[in-house]
Amino acid sequence: MTPSLPLFPVTTVGSWPRPPELVEAFARRQRGKLASRDFDALADRAVLDALRAQEAAGVDIVTDGEQRRDNFYSFVAEKLDGVRMMSLAEMLDIVEDKESFGKLLATLDVPAFSIRNPTCVGRIRRREPLVLDDFEFLRRHTDRPVKVTLPGPYLLTRAMWVKEASRAVYPTKEALAEDVVELLRTEAASLAAAGAAFIQFDEPVLTELVFTHGRTRTFMCAALAARNDPAEELSFAVSLINRVVDGLEGPIVGLHVCRGNWSRNEETLLRGSYHPLTPYFEAMHVDQLVLEYATPRAGSFVAAPGKSIGLGVVNPRMAEVETPAEIERRVEDALKHVASDRVFLNPDCGFATFTARAMNSREIAARKLASMVEAARTLRRAAAVA
Ligand SMILES: [Zn+2]
């Protein structure tokens, strides 16, 4: 059941900078030096801090800031049988074509902190919910509508299917995708039943398909599995998301696509407008596209008829805080293409996609949220008198 929302609802894309003690706790836990219970106590506190920061800023739809995740997708390895975090060195050991894998690594634009990949090594099975428990925790502590973020089915399939490790159980990535779809369908249905207001699937890798024309130049090991025709891959991605969300009742379903969010140096991130993705966006059975537009790398606005827009109005990687007036201008530009009751306001991406690499401090992130809220209030007043 979706609660009623004001015009221009303000929300985030997911991740929030973790406090230093939690960043350290991730590292200690990974080395086996910290018990789960101690980690959970720190993470609970960080989630509540992230929640209070959003509430204090006046955000309409809150998230848990992804505080419990090492990053936006590989956390699933902890929840699933059949998936193991593998270092690139381990992967190099098992791949048959070591020469091209070596070359790939040399040219890969992979940040050193993310070079562990959740790799499928057996039949995947949900040992525990991916995010339902996290949602329940947050809901116990807030009256506001809650957004839950999940890695998209295409991203997960591409990340997890590594031929040499996965083929004994899943001969092709399409075979693995069947179980990934089922996994995400189950999770989404349980979130809907539990009262999540918004479910957002993250598929950042879609931009890589169009901007690198199938050549790997990626920020994610996810690219290792696929060097197929981009159009085929995009159609495959559309079919997967549709199978995950078809029949899902209740929550707003969003799809987030950006161009990478691991560096404050915009030059290292992908560039290009969403236009080549438009036909695929239109074919996706989602309610909302959550897109970055604050960064000039995203080019001009694309309209997707029938869908609302989660409009990126602040850049999570910039230390400078956008003024409400700047944000209002960005919204007014979008309103030339889309009706006012179809615009949500959010940052371009999370503030800390990777635990060890927050893009901004919590203080600056909070000021950016407050700026969005102030802009939304002004826009609502203007809409009321119009
Ligand atoms: Zn993003």
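Right, let's walk through the structure included here. (Residues numbered from 1 in each chain as written. Predicted model: local features only at pLDDT ≥ 70, side-chain atom pairs only at ≥ 80, totals over all residues. Heavy atoms only, no water.)

A few points about the coordination of the zinc ion
Within the protein, the zinc ion binds to His256 (NE2), Cys258 (SG) and Cys349 (SG); these donor distances fall in the range 2.1 to 2.2 Å. As a motif over one chain, the donors of the zinc ion read H-x1-C-x90-C. Exposure remark for His256: the relative accessible area of 2% places this residue in the buried category. (Donors = N, O, S within 2.8 Å, 3.2 Å for Na, K, Ca; no water. Buried < 20%, exposed > 50% of the residue type's maximum accessible area, 1.4 Å probe, protein only.)

With respect to the nonpolar core
Counting 100 residues, the largest nonpolar core has Phe201 and Leu345 as its most contacted members. Of the residues forming this core, the biggest block, ten residues, is contributed by helix H8 (residues 173–194). Other than its neighbours up to four places away in sequence, Leu345 contacts Phe8, Pro9, Val10, Thr11, Leu311, Val313, Ile327, Val331, Met372, Ala376 and Leu379. By size, the runner-up hydrophobic cluster in this structure holds eight residues, among which are Ala25, Phe26, Leu34 and Leu42. (Core = buried A, V, L, I, M, F, W, Y, C linked by side-chain atoms within 4.5 Å. Helix = DSSP H or I, 4+ residues; strand = E, 2+ residues; numbered from the N terminus. Contact = heavy atoms within 4.5 Å.)

Let's talk about helix H13 (residues 362–385)
In a regular helix each residue adds 1.5 Å, so 24 residues correspond to 34 Å; H13 covers 35 Å between its end C-alpha atoms and thus fits that length. What H13 keeps buried is the set Ile364, Ala365, Lys368, Leu369, Ser371, Met372, Val373, Ala375, Ala376 and Leu379. Residues of H13 that are buried make contact with helix H2 (36–57), strand S7 (308–314), helix H12 (324–334) and strand S8 (343–347). (Expected span 1.5 Å × (residues − 1).)

Looking at the sheet that holds S7
The six strands are arranged S3-S4-S5-S6-S7-S8 in an open sheet whose pairing can be described as parallel. Of all strands in the sheet, those bounded by a partner on one side alone are strand S3 (147–151) and S8. Shown here is a sheet whose adjacent strand axes are inclined to one another by a mean of 25 degrees, direction ignored. As paired strands, S7 and S8 are joined by five bridges and run parallel to one another. When the sheet's bridge partners are listed, Ile309 is paired in S8 with Val343. (Pairing = 2+ DSSP bridges. Axes fitted to C-alpha atoms, helices over the stretch in contact; angles between N-to-C directions.)

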